[in-house]
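Breakdown of the fold
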Amino acid sequence: MLRINNVEVVYNKSILAIRGVSLEVPDGKIVALLGSNGAGKSTTLKAISGLLKQEGGAITEGTIEFEKEQIHGMDPDKIVEKGIFQCIEGRRVFTHLTVEENLLTGAYTRKDRKNIPDDIERVYHYFPKLKMLRKKLSGLLSGGEQQMLAIGRGIMARPKILLLDEPSLGIAPLLVKEIFENIKQINTEEGTSILVVEQNANIALSIADYAYVLENGRIVMQGSVDKLLSDESVKAAYLGFDKKEKGDIREVKSYKKIKRFV
Amino acid sequence: MGFLLQMIITGVVVGSIYALVALGFVLIYRASGALNLANGEFVLIGSYICLTLVAVYQIPFIFAFLLTLVFNVLLGMIVERVVLRPLINAPTISVIMATIGLSSLLAGFAHMIWGYQTQSYPPVFPSTPIRMGEIIISPVYLWSFIIVIIMLILFGLLFKYSKLGLAMRAVADDQMAASSVGISVKNVYLITWGFASLVAAVGGVLLGNINGVDATMATIGLTVLPVVILGGLDSILGAIVAGFLVGIIQNLTAGYLEPILGGGLKEVIPFIIVTLILMIKPHGLFGKGGIERV
Ligand SMILES: Nc1ncnc2c1ncn2[C@@H]1O[C@H](COP(=O)(O)OP(=O)(O)O)[C@@H](O)[C@H]1O
Ligand SMILES: [Mg+2]
């Protein structure tokens, strides 16, 4: 169980990015964190994975607890060893490394080195396309293939929880559907808990058990996916909200409406 | 003909040492974007340490050599930890300024301890020249060449196939992504500096055996600069090829042009070549401007 309690993050000692964010990812569940551009989704994930420091960000308040242990303040490599793996936004595969070498980097912190070849096969089981591309430089892959590789790199770490930052970003709609099915499959077959960040609420809710909505650095709504989906005002406000432009007036209005609703 | 070959062979040997020292320089650049302008001082100090161990403490060369390597690895790591680590998120220019300061500091120490006189290694390698047809090679050249080639091959294997090599390549490629998979970027920096200092020491010891040691040896740090720029700054293969090229061209210049045009040209020629080549190929011979999808 991952539990974030009342977390506040400030960048460069001046920019307040998120405030009072609390959320939970129970073992084996898929939790979605939704919100528009700049809401603070990536910041929340980086606070968990410890990558914040490298970007000049700091947790100024609150706690982050994983399996009853405080992980706040640990270095990212230690957090990966604890079983939390973040697939960062924009895929960020190592473009000058081959597909298989990229997968090997995912296993970097693993102590059981002899199981690594089997795990590479497991990645190919989820993403058969990658097997054909294994010797190819990752920089030459399509966006969708790179996203598969980025998630595959995550599988190689054998994490207890995967943090996925906008896996749909810049990927053809048909492939997006496929990738989300893969994510669901990984969750079921590996038992990996998943915290998925998305602007595309529709696709994220199609696989999630529970969801939070983040706006301007605060959680403005949360609930089980069944409940959220059955609520007309939520549907009106959020499903498809990713099509609207940032700063759109309707978005601001809906934000107020939701706040009252909560 | 014999003279030409002789010049080329000398050039290849000196060039191989450039290649090795340039490798350390390029690895640091690839990992952190820092230009290590104290590289020449690593070479100089390595050379002096080994010389002292051999000449003053009478330690057999092979052990002195290994001790020197250990010393230089520690030196490189301490420098990273004390000078570079605090600048980890600082602008590149601050890092470069810090390495310039460091180079003066290390040079100062070296002069304080060892003075300015040229000192020679006691003969380590056999002195009877080896004859190959028309060409005569002194064993120190041959041995230097063999040692460098072994180092380069070992490095190549490590870089391509080991877990550490993978981490070094990952960090060079994308630091944030490397952190996200659990690679400690700090440790990779530390090891990279240790390694750069180690290959510098090898270069220093070999050059010392060839020419003796004095303060001017540190200018190899400057000679290596056009080498790595020529190679493309971030290309390991480029640094190695350019190392050989510059070594050969320098020696041909010394053999054929200097008698006509006067001394000193040898030191300038690498910079002239770099300027010319960069006019045609702005990314250097092997520089990559990022992978483009075809
Ligand atoms: N490295 C950074 N330095 C300064 N401000 C940042 C940095 N990263 C993000 N921010 C700010 O924090 C807020 C949240 O950003 P982010 O977490 O990236 O949002 P999201 O992932 O939801 O699009 C934004 O206002 C953004 O400008
Ligand atoms: Mg984001």
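- Going by the annotation in an unreviewed UniProt entry, the name recorded for chain B is Branched-chain amino acid ABC transporter permease, with Aliibacillus thermotolerans given as the source organism.
- Regarding chain B, the relevant UniProt record gives this comment under Sequence similarities (unreviewed entry): "Belongs to the binding-protein-dependent transport system permease family. LivHM subfamily."
- Reading the Subcellular location (unreviewed entry) entry of the UniProt record for chain B gives the comment "Cell membrane".

- Under an unreviewed UniProt entry, the name given to chain A is ABC transporter ATP-binding protein, and the organism recorded is Aliibacillus thermotolerans.
- In its Sequence similarities (unreviewed entry) section, UniProt records this for chain A: "Belongs to the ABC transporter superfamily."

**Looking at the overall build of chain B**
- Along the backbone of chain B there are 11 helices and 2 strands.
- Written out in order from the N terminus, the α and β elements of chain B read α-α-α-α-β-β-α-α-α-α-α-α-α.
- In terms of principal-axis extent, the alpha carbons of chain B reach across some 55 × 50 × 35 Å.
- Within chain B, the fraction of its 294 residues that count as buried is 53%.
- Accessible surface, chain B as shown: approximately 13,100 Å² in total, 71% of it carbon and sulfur.

**Quick notes on the overall build of chain A**
- Secondary structure assignment for chain A yields 11 helices and 10 strands.
- Over its C-alpha atoms chain A spans a radius of gyration of 18 Å, differing by no more than 12% from the 18 Å that the globule rule assigns to 262 residues.
- When the backbone C-alpha atoms are referred to their principal axes, chain A occupies close to 55 × 40 × 30 Å.
- The proportion of buried residues among the 262 residues of chain A is 56%.
- For chain A, the proportion of contacts with a sequence separation of at least 24, taken over those separated by at least 6, is 69%.

**Topic: the packing of aromatic side chains**
- Taken as a whole and assessed by the stated rule, the structure comprises 9 aromatic pairs over all chains.
- Consider the rings of F155 of chain B and F195 of chain B, whose centres lie 5.2 Å apart with planes at 35°: the pair is tilted. Of the two residues, F155 of chain B is situated in helix α5 (residues 139-161) and F195 of chain B in helix α8 (residues 185-211); the sequence distance between them amounts to 40 residues. You'll find F155 of chain B and F195 of chain B in the same group, each marked buried.
- The structure contains a cluster of three or more aromatic residues connected by ring pairs, namely F61, F65, F125 and W143 of chain B.
- It is R153 of chain A that lies over the ring of F94 of chain A; its NZ or CZ is 4.9 Å from the centre.
- Against the face of F159 of chain B rests R169 of chain B, its NZ or CZ located 5.9 Å from the ring centre.

**Side note on the coordination of the magnesium ion (ligand 2)**
- Around the magnesium ion (ligand 2), the donor atoms from the protein are S42 of chain A (OG) and E89 of chain A (OE), and they sit 2.0 to 2.2 Å away. Pair noted here: S42 of chain A is in helix α1 (residues 41-49) and E89 of chain A is in the loop between β6 (84-87) and α3 (99-106), with a separation of 47 residues, a long-range link.

**A look at the site of ligand 1**
All names here are of chain A.
- Near ligand 1, the surroundings consist of 13 residues, among which G38, G40, K41, S42 and T43 are the closest.
- Separating an oxygen atom of ligand 1 from a side-chain N or O atom of N37 is a distance of 3.3 Å.
- Only β2 (15-25) and α1 provide two or more residues apiece to the shell around ligand 1.
- Tallying contributions element by element places α1 first for the shell around ligand 1, with 3 residues.

**Description of the sheet that holds strand β10 (residues 218-224) of chain A**
Residue and element names in this part refer to chain A.
- Strand order in the open sheet formed by 6 strands is β6-β7-β8-β3-β9-β10, and the pairing between neighbours is mixed. For this open sheet the edge positions go to β6 and β10, each flanked by a neighbour on one side alone. Strand-to-strand twist of the sheet, defined as the mean angle between neighbouring strand axes without regard to direction, takes the value 15°.
- The pairing of strand β3 (residues 30-34) with strand β8 (residues 193-198) spans 5 bridges and is classified as parallel. Of the residues in β8, the one forming a bridge with I30 is I194.
- Against the sheet, α1 touches β3, β6, β7 (161-165), β8 and β9 (210-215), its axis set at about 150° to β7.

**Considerations on a nonpolar patch on the surface**
All names here are of chain B.
- Where nonpolar side chains cluster on the molecular surface, the patch consists of F3, Y256, L257, I260 and L261 and spans about 520 Å² of accessible area.
- In this structure, I260 sits in helix α10 (residues 236-261).
- Accessibility expressed as a relative area gives 67% for I260, which makes it exposed.

**Some remarks on the sheet that holds strand β1 (residues 2-11) of chain A**
Residues and elements named next belong to chain A.
- One open sheet holds the 4 strands; their spatial order is β2-β1-β4-β5, and the pairing between them is antiparallel. Each of the sheet's edge strands pairs with one partner strand only, and the pair in question is β2 and β5 (69-70).
- In this structure, strand β4 (residues 57-66) lies alongside β5, joined through 2 bridges in antiparallel fashion. Bridging from a neighbouring strand, F66 pairs with E69 of β5.

**Let's talk about α1 of chain A**
Residue and element names in this part refer to chain A.
- Among the 9 residues in α1, 9 count as buried, and that is most of the element.
- Residues of α1 that are buried include every one of K41, S42, T43, T44, L45, K46, A47, I48 and S49, and no others.
- At the exit of α1 stands G50, carrying a positive phi of roughly 85°.

**With respect to the pattern of salt bridges**
Residues and elements named next belong to chain A.
- Summed over all chains, the structure comprises 22 salt bridges over all chains.
- Across the pair D119 and R122 runs a salt bridge whose closest N-O atoms are separated by 3.2 Å. Of the two residues, D119 and R122 both sit in helix α4 (residues 116-126), 3 residues apart, roughly one turn of that helix.
- Here D119 ties to R158 by a salt bridge, and the two come within 2.9 Å at their closest N and O atoms. Here D119 is found in helix α4, whereas its partner R158 is found in the loop between α6 (143-156) and β7, with 39 residues between them in sequence.
- Among the residues examined, R158 registers a relative accessible area of 42% and is labelled partly exposed.

**Overview of the side chain of R91 of chain A**
Residues and elements named next belong to chain A.
- Looking at the element boundaries, R91 is found in the loop between β6 and α3.
- Side chain to side chain, R91 and Q146 meet in a polar contact 3.3 Å long.
- When neighbours within four sequence positions are excluded, R91 is seen to be in contact with G143, Q146, Q147, A150, R153, L169, G170 and I171.

**Focus on the interface of chain A and chain B**
- Between chain A and chain B, the contact holds 30 residues from the first and 26 residues from the second.
- Counting the surface chain A buries against chain B, the share from its top three residues, F94, H96 and Y108 of chain A, is 28%.
- One can count 4 salt bridges joining chain A with chain B.
- The salt bridge involving K186 of chain B is made with D75 of chain A; its shortest N-O contact spans 4.0 Å.

Conventions used here
Residues numbered from 1 in each chain as written. Chains lettered and ligands numbered in written order. Predicted model: local features only at pLDDT ≥ 70, side-chain atom pairs only at ≥ 80, totals over all residues. Heavy atoms only, no water. UniProt positions renumbered as here; feature names shortened; annotations may be inferred. Helix = DSSP H or I, 4+ residues; strand = E, 2+ residues; numbered from the N terminus. Buried < 20%, exposed > 50% of the residue type's maximum accessible area, 1.4 Å probe, protein only. Areas by Shrake-Rupley, 256 points an atom, 1.4 Å probe, with all protein chains shown as cover. Rg over C-alpha atoms; globule rule 2.2 N^0.38 Å. Contact = heavy atoms within 4.5 Å. Phe/Tyr/Trp six-rings, centres within 6.5 Å; stacked < 30°, edge-to-face > 60°. Lys NZ or Arg CZ within 6 Å of the ring centre and 35° of its normal. Donors = N, O, S within 2.8 Å, 3.2 Å for Na, K, Ca; no water. Near = heavy atom within 4 Å. Polar contact = N/O pair within 3.5 Å; in protein donor to acceptor, adjacent residues only side chain to side chain. Pairing = 2+ DSSP bridges. Axes fitted to C-alpha atoms, helices over the stretch in contact; angles between N-to-C directions. Patch = residues over 30% accessible without salt bridge, like charges linked within 9 Å, V, L, I, M, F, W, Y side chains within 5 Å. Salt bridge = Lys/Arg side-chain N within 4 Å of Asp/Glu carboxyl O. Buried area = accessible area lost by both parts, 1.4 Å probe.

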